[in-house]
Amino acid sequence: MQKLRPRRIPVLFFEQGRKFAEFYIEMEPSPSAMERVLSVFEQYGVDVKEGAIYTSTNPRSARVFGGFLDITDSRAGVEELKEVLESLEGVYEVDILASPFPSLAVCAMHYPLMVLNEECVVFRRSTWEGLLRRLHEKFSSAANIIMYQAGIGTALRKDIAPSTRYALGLGIDQHLNIFRGLAQALGWGRYEIVEVDHKKPSMRLRMYQHFECEPFRGTTNEPRAHFMRGHLEASFKRLFGKEFRAKEVLCVAKGDPYCEIVVEPLQ
Ligand SMILES: [Zn+2]
């Protein structure tokens, strides 16, 4: 299996005794523009502590580089640094905000958070677990139905991104692998497609650290991936135009080593 590495979204940076600024730079999509920006950072003694690089979807497909800078030893104020960066060849737009807090910077220049060109919401695990536990405490087995119905509501839509329309034209193996990659990148869990029957079609999906079940590891006698069951059933129906049933046959919540869902057409 491919080694998976954690990914951080830059939302806050803390280091005792240091001073930080948040930055956002749009530049032409070329390594030389990036090199000029980095050499200014080097020249001014500022250090990129955390950040992200991506290609903007605006008409000029600008390269975006942003995150947090350590400006403790900067040889200039942020205004001067901004001016110098703006004057560079191939740099379109620069924004730099010095953090008003000592030792800490919190994101002040980004909204909304975008994933796959769509606005998105992120829950940290502690928040998510609180939500899920409360749901099960208050509604007991009805919580399973709520999660299942919620999952159905999130089925793959045909009317969204071009990348989704593209994926819909692919074979089932490629489609499932794209689904697996997306679900992993979005933090739903670590997944392995262990069996696919192209004729039926059917699938056996193994899930490690699945977001619905992990909070209940070894604490119940029933499976907990109800959202995923609903999501898979409804998505398979979208893809293949008939009814499917998804059953979680193994689950960490009831003491199994991993979760496993089997998706099959309803006879
Ligand atoms: Zn499970």
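Quick caveat: nothing in here was measured; it's all calculated off a predicted structure. Position labels on residues start from 1 in each chain and follow its written sequence. In view of the model being predicted, local features appear only for residues whose pLDDT reaches at least 70, and side-chain atom pairs are presented and counted only at 80 or more, with totals across whole chains, interfaces and linings using the full set of residues.

Asker: In this structure, what is going on with the nonpolar core? I would like to understand it.
Answerer: The nonpolar side chains of a soluble globular protein tend to be buried with one another. For our purposes the nonpolar core covers buried Ala, Val, Leu, Ile, Met, Phe, Trp, Tyr and Cys residues that link as a set through C-beta atoms within 7 Å. Burial is judged by counting the other C-beta atoms within 10 Å of a residue's own C-beta: 20 or more makes it buried, 12 or fewer makes it exposed, and any count in between marks it as partly exposed, with every C-beta position built from the backbone. Membership of the largest hydrophobic core comes to 19 residues, with the highest contact counts inside it found for Ala225, Cys259, Ile261 and Val263. Broken down by secondary-structure element, the contributors of at least two residues to this core are strand S10 (202–208), helix H7 (226–240), strand S11 (244–250) and strand S12 (259–265). When residues of this core are assigned to their parent elements, the largest contribution, 4 residues, is made by H7. Other than its neighbours up to four places away in sequence, Ile261 contacts Leu205, Met207, Ala225, Met228, Arg229, Leu232, Ala246, Lys247 and Glu248. One finds Val46, Phe65, Phe68 and Ile96 within the second-largest nonpolar core, a separate group that totals 18 residues. The numbering of helices and of strands both runs from the N terminus, where a helix is a DSSP run of H or I of at least 4 residues and a strand a run of E of at least 2. Throughout, a pair of residues is in contact if the C-beta atoms placed from their backbones lie within 7 Å.

Asker: Please explain the confidence of the model for the chain as it appears in this structure.
Answerer: Reading fine detail from the predicted coordinates is not recommended where pLDDT is low. As a per-residue quantity, pLDDT reports the predictor's confidence and falls between 0 and 100. On average, residues of the chain carry a pLDDT of 91, and 95% of them reach 70 or more. Within the chain, the lowest mean pLDDT, 59, falls on helix H5 (residues 162–168), and the highest, 98, falls on strand S2 (residues 20–27).

Asker: I'm lost on the domain arrangement of the chain in this one. Help?
Answerer: Accessible area lost upon the coming together of the parts serves often as the stated size of an interface. As far as domains go, the chain holds domain 1 (12–110) and domain 2 (125–265). Distance from the C-alpha centre of domain 1 to the C-alpha centre of domain 2: 39 Å. Domain delimitation follows an automatic or database domain assignment.

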